[in-house]
Amino acid sequence: MNRVEANKEAKKIYDKWLKDKEAIEEKAKKEGRWNYSGLDANNALFKKVDEAAKEQLKKLEDQIDE
């Protein structure tokens, strides 16, 4: 896979990550679990999707042929 192809795949991973984070935020607000007290106050809610995206991007990076 070349870098252009990898960038296209990375964009898909990013778009899915962003959509997942927005869904988590919406759900947390509806359930009253959203913390409005600071920028980092809700990071724990996103831990799984953040780690999954990082793992996918790492695998993608390993597939790039220079």
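What you see is a predicted model; the values in this text were computed from it and never measured.

Caption draft 1: Geometry of the pattern of salt bridges. Summed over all chains, the structure comprises eight salt bridges. In this structure, the salt-bridge partner of Glu26 is Lys30, at a minimum N-O distance of 3.3 Å. With Glu26 and Lys30 both in helix α1 (residues 3–31) and four residues apart, this pair spans about one turn of that helix. For Arg33, the salt bridge goes to Glu31, with nearest N and O atoms at 2.8 Å. Since its relative accessible area comes to 44%, Arg33 is described here as partly exposed. On the basis of relative accessibility, which here comes to 46%, the residue Glu31 falls in the partly exposed class.

Caption draft 2: Here's a closer look at the packing of α1 against helix α2 (residues 47–62). With their axes 10 Å apart at the nearest point, α1 and α2 run at an angle of 175° to one another. Classified by the angle their axes make, α1 and α2 are roughly antiparallel. For the pair formed by α1 and α2, the contact residues are Ala6, Glu9, Ala10, Ile13, Trp17, Asp20, Lys21 and Ile24 on the first element and Val49, Asp50, Ala53, Gln56, Leu57 and Leu60 on the second. A class-by-class count of the residues in the contact of α1 with α2 yields nine nonpolar, one polar and four charged.

So, how was this worked out
All chains use their own residue numbering, which begins from 1 and follows the written sequence. The model is predicted, so local features are restricted to residues of pLDDT at least 70 and side-chain atom pairs to those at 80 or more, both for listing and for counting; the totals for chains, interfaces and linings are taken over all residues. Side-chain measures were taken over the full set of non-hydrogen atoms in the model, leaving aside hydrogen atoms and water. Any Lys or Arg side-chain nitrogen located within 4 Å of an Asp or Glu carboxyl oxygen qualifies as a salt bridge. Secondary structure elements follow DSSP: runs of H or I of four or more residues count as helices, runs of E of two or more count as strands, with numbering from the N terminus. The buried label goes to any residue with under 20% of its type's maximum accessible area, the exposed label to any with over 50%, and the partly exposed label to all in between, with areas taken from a 1.4 Å probe on protein chains only. Fitting a line to C-alpha atoms yields each axis, with helices limited to the stretch in contact; the angle taken between N-to-C directions then spans 0 to 180 degrees. The cut-offs work like this: below 35 degrees is roughly parallel, past 145 is roughly antiparallel, 65 to 115 is roughly perpendicular, and the gaps in between are oblique. Any two residues having at least one pair of non-hydrogen atoms within 4.5 Å are treated as being in contact. Amino acid classes used here: Ala, Val, Leu, Ile, Met, Phe, Trp, Tyr, Cys and Pro are nonpolar; Asp, Glu, Lys and Arg are charged; the rest, including Gly, are polar.

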